[in-house]
Amino acid sequence: MRAKLSGRILGSLDGVAEKVTRGMGQTEARTWGGDVAARLSAHASAPPAYGRDPAGHLIGSWKQELRDAGAENTLARLEAQSMDMSRIWGRAIGAGSGLQDSLAYGSRDTAASARSDALDKLR
């Protein structure tokens, strides 16, 4: 349930990002995505252990992945944030690969729906 809830929230943000970049050219949109990713991952450091700080672990791990994605992949990584965070969470709790996939794909599907809803409201 938490993976789907986070997917809903993050998918809504994906809709906002799409609205912002829709009128931009590919280079300008890539620059915008790079700026967003740089700000989000500016203070990325080694994440704390999940058992000590679950939220810090998830966010820190995701920030590291975002920072390491490279400028050409930042928009795609931002759009995949719900799936990435669910995957990180599944690994952290020691879930089997089937459950990890279920969490990640469920979150992705919920994010896609929320993205569409957000775009409808932003028009």
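For the structure itself, consult the block above.
If you're wondering where the values come from, they're calculated on a predicted model, not measured in any experiment.

Asks: If you had to explain the overall build of the protein to someone new, which residues and values would you point to?
Replies: Each helix and strand in the protein was counted, giving six helices and zero strands. Along the protein, from the amino end to the carboxyl end, the secondary structure elements read α-α-α-α-α-α. Rg of the C-alpha trace for the protein: 15 Å, near the compact-globule value of 14 Å for 123 residues, within the 12% margin. Counting only C-alpha atoms and orienting by the principal axes, one finds that the protein spans roughly 45 × 30 × 20 Å. Taken across its 123 residues, the protein has 36% of its residues classed as buried. Long-range contacts, defined as pairs at least 24 residues apart, comprise 61% of the intrachain contacts of the protein with a sequence gap of at least 6. For the protein, the computed accessible surface area is about 7200 Å², with 55% contributed by carbon and sulfur atoms. Across the protein, the mean location of the 17 positive side-chain charges is 3 Å away from that of the 14 negative side-chain charges.

Calculation rules
- Residues numbered from 1 in each chain as written.
- Predicted model: local features only at pLDDT ≥ 70, side-chain atom pairs only at ≥ 80, totals over all residues.
- Heavy atoms only, no water.
- Helix = DSSP H or I, 4+ residues; strand = E, 2+ residues; numbered from the N terminus.
- Rg over C-alpha atoms; globule rule 2.2 N^0.38 Å.
- Buried < 20%, exposed > 50% of the residue type's maximum accessible area, 1.4 Å probe, protein only.
- Contact = heavy atoms within 4.5 Å.
- Areas by Shrake-Rupley, 256 points an atom, 1.4 Å probe, with all protein chains shown as cover.
- Lys, Arg positive; Asp, Glu negative; His and termini not counted.
- Charge placed at Lys NZ, Arg CZ, Asp CG, Glu CD.

On their own, these measurements won't tell you what the molecule is for.
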